[in-house]
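Listed below are the residues making up each chain.
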Amino acid sequence: MKYIFDNDLHIHSQLSLCSGNPEQTPERILQYAKENGVKTLCLTDHFWDETVPGASGWYAKQNSTWISAWGEMPKDDEVRFLFGVETDMDKFMTVGMAKENYDKYDFVVIPTTHLHMMDFTLNPEDNSIESRAELWVKRLDALLSKDIPFHKIGIAHLACRLIKGGLDDSAYVKILDLIKDEDMERLFTKAAKLGCGIELNQSDMALRVGEEESVLRMFRIAKKCGCKFYCGSDAHSPGYFDNTKRIMERAIDLLDLCEDDKFHI
Ligand SMILES: [Zn+2]
Ligand SMILES: [Zn+2]
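Scope of this entry: the structure provided in the associated data block. Every chain is numbered on its own, with residues counted from 1 as its sequence reads. For naming, the first written chain is A and the first written ligand is 1, with later ones following in the order written. Given that this is a predicted model, residues contribute local features only at a pLDDT of at least 70 and side-chain atom pairs are listed and counted only at 80 or more, while totals for whole chains, interfaces and linings are drawn from all residues. Only hydrogens and water are set aside when side-chain values are computed; all heavy atoms of the structure are taken into account.

## Details of the coordination of the zinc ion (ligand 2)
Part 1 of the reasoning: Donors, by definition, are the N, O and S atoms found within 2.8 Å of a metal, the threshold being 3.2 Å for Na, K and Ca, and water is not counted, so a site can look incomplete. Looking at the zinc ion (ligand 2), the protein donor atoms are H10 (NE2), H12 (NE2), E86 (OE) and D234 (OD), and they sit 2.0 to 2.2 Å from it.
Part 2 of the reasoning: Irregular is the default label, applied whenever a site is not tetrahedral (four donors, all angles between 85 and 135 degrees) and neither square planar nor octahedral (four or six donors, opposite donors over 155 degrees apart, all other angles between 65 and 115). If you look at the zinc ion (ligand 2), its four donor atoms make angles of 82 to 169° with each other, and the shape they trace is irregular.
Part 3 of the reasoning: In primary-sequence terms, the residues that donate to the zinc ion (ligand 2) follow H-x1-H-x73-E-x147-D.
Part 4 of the reasoning: Here the zinc ion (ligand 2) and the zinc ion (ligand 1) are spaced 3.5 Å apart, with E86 acting as a shared donor. Linking H12 in the loop between strand 1 (7-11) and helix 1 (26-36) with E86 in strand 3 (residues 80-86), this pair joins segments that are 74 residues apart in sequence. Secondary structure counts use DSSP, requiring at least four H or I residues in a row for a helix and at least two E residues in a row for a strand, with both numbered from the N terminus.

## Remarks on the coordination of the zinc ion (ligand 1)
Part 1 of the reasoning: Protein coordination of the zinc ion (ligand 1) is provided by E86 (OE), H114 (NE2) and H157 (NE2), with donor distances spanning 2.1 to 2.2 Å.
Part 2 of the reasoning: Positions of the donor residues of the zinc ion (ligand 1), expressed as sequence spacing, correspond to E-x27-H-x42-H.

## What about the sheet that holds strand 4 (residues 107-111)?
Part 1 of the reasoning: By the convention used here, strands pair only if DSSP detects at least 2 bridges between them. Ordered by their spatial adjacency, seven strands build an open sheet running 1-2-3-4-5-6-7, and the pairing between neighbours is parallel. The outermost strands of the open sheet, each flanked by one partner alone, are strand 1 and strand 7 (228-232). Here the strands of the sheet are splayed against their neighbours by 30° on average, with no regard to which way each runs.
Part 2 of the reasoning: Its contacts with the sheet place helix 1 against strand 1, strand 2 (40-46) and strand 3, and it is angled at close to 145° to strand 2. Interaxial angles span 0 to 180 degrees and are taken between N-to-C directions of axes, which are lines fitted to C-alpha atoms, for helices over the stretch in contact. Should any heavy atoms of two residues lie within 4.5 Å, those residues are considered in contact.

## Side note on the nonpolar core
Part 1 of the reasoning: Only buried residues count toward a nonpolar core, which is a set of Ala, Val, Leu, Ile, Met, Phe, Trp, Tyr and Cys residues joined through side-chain atoms within 4.5 Å. Only protein chains enter the accessibility calculation, which uses a 1.4 Å probe; a residue is then buried when its area is under 20% of its type maximum, exposed when over 50%, and partly exposed in between. Of all hydrophobic cores here, the largest spans 76 residues; its most connected members are L41, W136, F188 and F219.
Part 2 of the reasoning: The biggest single contributor to this core is helix 4 (residues 129-144), with eight residues.
Part 3 of the reasoning: Discounting residues that sit within four places of it in the chain, L41 has contacts with D8, L9, I11, I29, L30, Y32, A33, V79, R80, F81 and L82.
Part 4 of the reasoning: Counting eight residues, the second-largest nonpolar core is a separate cluster that includes L82, F107, V109 and A156.

## Structural notes on the side chain of T44
Part 1 of the reasoning: Within the secondary structure, T44 is located in strand 2.
Part 2 of the reasoning: Excluding residues that lie within four positions of it along the chain, T44 makes contacts with L9, H10, I11, H12, G84, V85, E86 and V109.

## Concerning the packing of helix 4 against helix 6 (residues 181-194)
Part 1 of the reasoning: The geometry of helix 4 relative to helix 6 is characterised by a closest axis approach of 10 Å and an angle of 20° between their N-to-C directions. As judged from the angle between their axes, helix 4 and helix 6 are roughly parallel. In this structure, helix 4 crosses over helix 6, and the sense of that crossing is left-handed. On helix 6, the residues touching W136, V137, L140, D141 and L144 of helix 4 are D183, M184, R186, L187, F188, K190, A191 and L194.
Part 2 of the reasoning: Polar here means any residue outside two lists: the nonpolar Ala, Val, Leu, Ile, Met, Phe, Trp, Tyr, Cys and Pro, and the charged Asp, Glu, Lys and Arg; Gly therefore counts as polar. Per-class residue counts for the contact of helix 4 with helix 6 are nine nonpolar, no polar and four charged. Angle categories: roughly parallel below 35 degrees, roughly antiparallel above 145, roughly perpendicular from 65 to 115, and oblique for all the rest. Here a crossing is called left-handed whenever its near helix is offset anticlockwise from the far helix by less than a right angle, and right-handed whenever the offset is clockwise.

## Focus on the pattern of salt bridges
Part 1 of the reasoning: A pairing counts as a salt bridge when a side-chain nitrogen of Lys or Arg comes within 4 Å of a carboxyl oxygen of Asp or Glu. Summed over the entire model, instances satisfying the criterion amount to 16 salt bridges.
Part 2 of the reasoning: The partner of R186 in a salt bridge is D141, and the shortest N-O contact between them spans 3.0 Å. Of this pair, R186 sits in helix 6 while D141 sits in helix 4, placing them 45 residues apart in sequence.
Part 3 of the reasoning: Each of D141, D183, R186 and K190 takes part in a single network of salt bridges with overlapping partners.

## As for the packing of aromatic side chains
Part 1 of the reasoning: Side-chain rings of Phe, Tyr and Trp, where Trp is taken by its six-membered ring, are said to pair if the distance between their centres is within 6.5 Å; with planes under 30 degrees apart they count as stacked, over 60 as edge-to-face, and otherwise as tilted. By the definition in use, this model includes 11 aromatic pairs.
Part 2 of the reasoning: Between W48 and Y59, the aromatic rings sit 5.8 Å apart at their centres with planes inclined by 45°, giving tilted as the arrangement. Pair noted here: W48 is in the loop between strand 2 and helix 2 (57-60) and Y59 is in helix 2, with a separation of 11 residues, a long-range link.
Part 3 of the reasoning: Here W48 falls in the buried class, since its relative accessible area comes to 1%.
Part 4 of the reasoning: Owing to a relative accessible area of 0%, Y59 belongs among the buried residues under this scheme.
Part 5 of the reasoning: Relative to F120, the ring of W48 has its centre 5.3 Å away and its plane inclined at 65°; by these criteria the two rings are edge-to-face.

## Details of the packing of helix 5 (residues 171-178) against helix 7 (residues 212-224)
Part 1 of the reasoning: For the pair helix 5 and helix 7, interaxial distance at closest approach is 9 Å and the crossing angle is 35°. Handedness of the helix 5/helix 7 crossing: left-handed. Every residue of helix 7 that contacts helix 5 at Y172, V173, L176 and D177 is listed here: S214, V215, R217 and M218.

## A look at the pairing of strand 5 (residues 153-156)
Part 1 of the reasoning: Residues I153 and I155 point to one face of strand 5 and G154 and A156 to the other, with burial holding for every one of them.
Part 2 of the reasoning: Where strand 4 and strand 5 come together, four bridges link them in parallel fashion. Along strand 5, the bridge assignment pairs V108 with I153.
Part 3 of the reasoning: When the strands point away from the viewer and the path from the first strand over the helix to the second turns clockwise, the crossover is right-handed. What joins strand 4 to strand 5 is helix 4, and the crossover it makes is right-handed.

Here is the structure:
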């Protein structure tokens, strides 16, 4: 049976400093879910645990008090509305969530591709396309080597454009194409064994002309390795929701995903 688009486990509210959109509230997010047949939702505002030293200036404000300002998520008969976070991993491979605090969240999204945060996620000398491709491998490898509860962890936007942060636009595809199949196979085999989710991110899956195969390759390999997938609009404002279902359903078709390929939380 074909994968049904019925989950969105990566969504920001106005609490994320890169959103700040007053219309992006839990109620508005729930409305989107009901209009689009989404049965499992997770709010994942940007977060760095205040008990983990090393937050960047941008992350420091987005601590547990800040992201908990909404209180309980809205209740609904048709939609399960979970409360999670999107944390990060710095250049020392430290994850911004203390081990004992995973219990406080339903789901934790961790990106390895936020390479636009110079000095925080990467060293200024990591500025060639070769070093960015190496970092894709090294950072995913480091994350998958952590002792963390992978059954409630999602690996966010692995084909994110932020991987080229600071480099020109054409670097994006070049970086993706430099990552070797064998590295992807090794890492996705490990991810499948650990049981984490692999994200189909709306922006990654927008698939601009000329980028389709470069983006889809890693997800085809992940599927072959037995990884399970969840959807993430990564919405920062209600405008994103106009395209989520269409983009996700196209990605599901292109990757030929079935219900067995779905990550469940
Ligand atoms: Zn992100
Ligand atoms: Zn995000």
